[in-house]
Amino acid sequence: MKTNFVFGHHHPGEEKMASEVYQSKTTLYVLACWILAAFGGLMFGYDIGISGGVTGMDDFLIKFFPKVHERKLRAVEDNYCKYDDQMLQLFTSSLYLAALVASFFASKLCTVLGRKPTILLASTFFLGGAGFSAGAENKFMLILGRILFGIGVGFGNEAVPVFLSEIAPVQHRGAVNILFQLFVTIGIFIANLVNYSTSTLHPYGWRVSLGLAAVPGLVLFFGSMILTETPSNLTERGKDTEAKAALKRIRGVDNVDNEYEEIKRACDAAKEFKQPFKKLMTRESRPPLIIAIMLQVFQQFTGINAIMFYAPVLFQTMGFKNNASLLSAVITGIVNVASTFVSIYAVDKIGRRKLLLQACVQMFICQTAIGAILFVNLKPTGTMGSGMAALVVVLVCLYVMCFAWSWGPLGWLIPSETFPVETRTAGFAFAVSSNMLMTFVIAQSFLSMLCHMRAFIFFFFSAWILAMGIFVVFLLPETKGVPIDSIAERVWKQHPVWKKFMDEHDDSKSREMA
């Protein structure tokens, strides 16, 4: 498969570089690399989905959170407050706090050891987390298991999207990177199915749910052994011969000279910067850093994880019985997976910005409508009518649908492709840690916010969605079809706002500083 790339805006003298021919074929080996690495996303997704269902299981609550179980049984208990318990929320959120810290260590390991060993370590921690969680006899073991899961998630979420972006050919980079998010959604869906099945296994259903997290961990563990290291990382570490061989292997052709030269140029420039985190604080590094952090903040404040973590709890709040609420979560999981395929198809055709903006409109309407329905129909006591409850499930599905083809995958894709090689792992560490911090905040506070804000919590998320749309219109550039090591020249230096940060004087000054 032979591809020519021609872009609309170039500096003088860039025409030759812009029309380079990069040859590639999609081989069975490279497909295996994409899919096996994406199992890091499945680990993350499984964990997002499993915790909400487990926290709704009576056997789990009786063993670890008996007070919450007592409140759940009282018919007169406030619908919005029956699950408001800080320790119960800590069960879900402790993972993201651990992942936040781990992502910075993962950034260093990604550069020094490589993407491949970091992915292997992620799977090892995840296996440990599955063991402690499934065998937990007290809250300490339970939370320790969550922390080990969190370290695995921090390592995996740092290494996998960067790995996928670096081994993907430019014309398919969006679609390949979205495999990570696709596998996140598959993980959530599988977790919902598992919870639905194990909810009737008394008293050990919750142990089976948590223990099955070892399955994607094992696939990633053995799969990571056959992954190739990325050409960018090998070149960065001075292994030029291995890098060129790896590039030939993942492109499926021998003629990789043009692409390798561009990688080499980027890595040679990167060697001038010995301290990537210091370089990240310079003026010309601000555009990708601000974009990376804000995308993570916005991704979480759409309210998606409030729905994904606590979907079974949320549906129980609206009056569904335990099994019906788990089944509703399975339905949203199916929608989530199916809609991510839309993104794989559309991201390299339609572009990043249009998908994000379309989703803002649809998500705003859905969240506002859910808030209005709950405000009118769900009182502190009693249950909603089945018709209105079903309408809320439909709106949740419509909301999940557009998130899955936009802010879900693109929140990981855009930061993985916009940093130059010298700050790529450091910059992506900020993206991962920002995501984990915001996820922790939502996971730790959502049930309390639901208790105190009631239906208005959905209006709160709607306001954030409005802010996200404005941000995309004015500050987010389009990166569709631009080679990963040419982003600075062809994106940031062309953007009406960000080009002010990219002048040559600052660039030379930062090189002197480095």
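Residues numbered from 1 in each chain as written. Predicted model: local features only at pLDDT ≥ 70, side-chain atom pairs only at ≥ 80, totals over all residues. Heavy atoms only, no water.

Convention followed: UniProt positions are given in the numbering used here, feature names are shortened, and annotations may be inferred rather than shown by experiment.
As named in an unreviewed UniProt entry, the chain is Major facilitator superfamily (MFS) profile domain-containing protein, taken from Rhododendron griersonianum. Under the UniProt heading Subcellular location (unreviewed entry), the note attached to the chain is "Membrane".

## Regarding the packing of aromatic side chains
As a reminder of what qualifies: The pairing test for Phe, Tyr and Trp rings, Trp by its six-membered ring, is centres within 6.5 Å, and the orientation test on the planes gives stacked under 30 degrees, edge-to-face over 60, and tilted for anything in between. Secondary structure follows DSSP: runs of H or I at least 4 residues long count as helices, runs of E at least 2 residues long count as strands, and numbering of each begins at the N terminus. Summary of the burial criterion: residues with accessible area below 20% of their type's maximum are buried, those above 50% are exposed, and those between are partly exposed, where the area comes from a 1.4 Å probe applied to protein chains only. Only when the NZ atom of a Lys or the CZ atom of an Arg is both within 6 Å of the ring centre and within 35 degrees of the ring normal do we say a charge sits over the ring.
Applying the stated criterion across every chain, the model contains 26 aromatic pairs. Ring geometry for Phe 44 and Trp 412: centres 6.4 Å apart, planes at 85 degrees, overall edge-to-face. Note that Phe 44 is positioned in helix α2 (residues 28–55) and Trp 412 in helix α20 (residues 407–418), a separation of 368 residues in sequence. Centroid distance Phe 60 to Phe 64: 5.3 Å. Interplanar angle 50 degrees. Geometry classified as tilted. In this pair, Phe 60 and Phe 64 both sit in helix α3 (residues 58–64), four residues apart, roughly one turn of the helix. Judged by relative accessible area, which is 0%, Phe 60 ranks as buried. One aromatic cluster in this structure is built from Phe 298, Phe 301, Trp 407, Phe 460, Phe 461, Trp 464 and Phe 471. One cation-aromatic arrangement involves Arg 146 over Phe 91; the distance from NZ or CZ to the ring centre is 4.7 Å.

## Some thoughts on a nonpolar patch on the surface
How we decide: What makes a patch is a set of residues exposed beyond 30% relative accessible area and free of salt bridges, joined within 9 Å when like-charged and within 5 Å when nonpolar (Val, Leu, Ile, Met, Phe, Trp, Tyr). Accessibility throughout is a Shrake-Rupley quantity obtained with a 1.4 Å probe, and a residue counts as covered only by protein chains that appear here. In what follows, salt bridge is the name for a side-chain nitrogen of Lys or Arg lying within 4 Å of a carboxyl oxygen of Asp or Glu.
Among the surface-exposed residues, Val 361, Phe 364, Ile 365, Leu 466, Ile 470, Val 473 and Phe 474 lie close enough to one another that they form a single nonpolar patch of about 680 Å² accessible area. For the nonpolar patch, the leading source of residues is helix α22 (residues 456–475), giving four residues. Residue position: Phe 364 is located in helix α18 (residues 352–377).

## Here's the deal with the environment of Gly 131
Its place among the elements puts Gly 131 in helix α6 (residues 115–134). The spacing of Gly 131 and Gly 211 is 80 residues in sequence and 6.3 Å in space, taken between C-alpha atoms.

## Topic: the packing of α2 against helix α7 (residues 139–167)
Rules: Where helices are involved, their axes are fitted lines through C-alpha atoms of the stretch in contact, as for all axes, and angles between N-to-C directions lie from 0 to 180°. Crossing handedness follows the turn of the near helix against the far one: under a right angle anticlockwise gives a left-handed crossing, and clockwise gives a right-handed one. Throughout, a residue-residue contact means that at least one pair of heavy atoms, one from each residue, lies within 4.5 Å. As a working rule, the residues Ala, Val, Leu, Ile, Met, Phe, Trp, Tyr, Cys and Pro are called nonpolar, Asp, Glu, Lys and Arg charged, and the rest polar, with Gly in that last group.
Direction vectors running N to C along α2 and α7 enclose 145 degrees, while the axes themselves pass 9 Å from each other. For the crossing formed where α2 meets α7, the hand is left-handed. Residues Cys 33, Trp 34, Ala 37, Ala 38, Gly 40, Met 43, Phe 44, Asp 47 and Ser 51 of α2 touch α7, and the partners they reach there are Arg 146, Phe 149, Gly 152, Val 153, Asn 157, Val 160, Phe 163, Leu 164 and Ile 167. By residue class, the composition of the contact of α2 with α7 is 12 nonpolar, four polar and two charged.

## Focus on the state of the cysteines
Stated formally: Disulfide assignment relies on a single distance test, namely cysteine sulfur atoms paired within 2.5 Å.
Enumeration according to the criterion identifies zero disulfides in this entry. As a non-bridged cysteine, Cys 366 has Cys 402 as the owner of its nearest cysteine sulfur, 5.7 Å distant.

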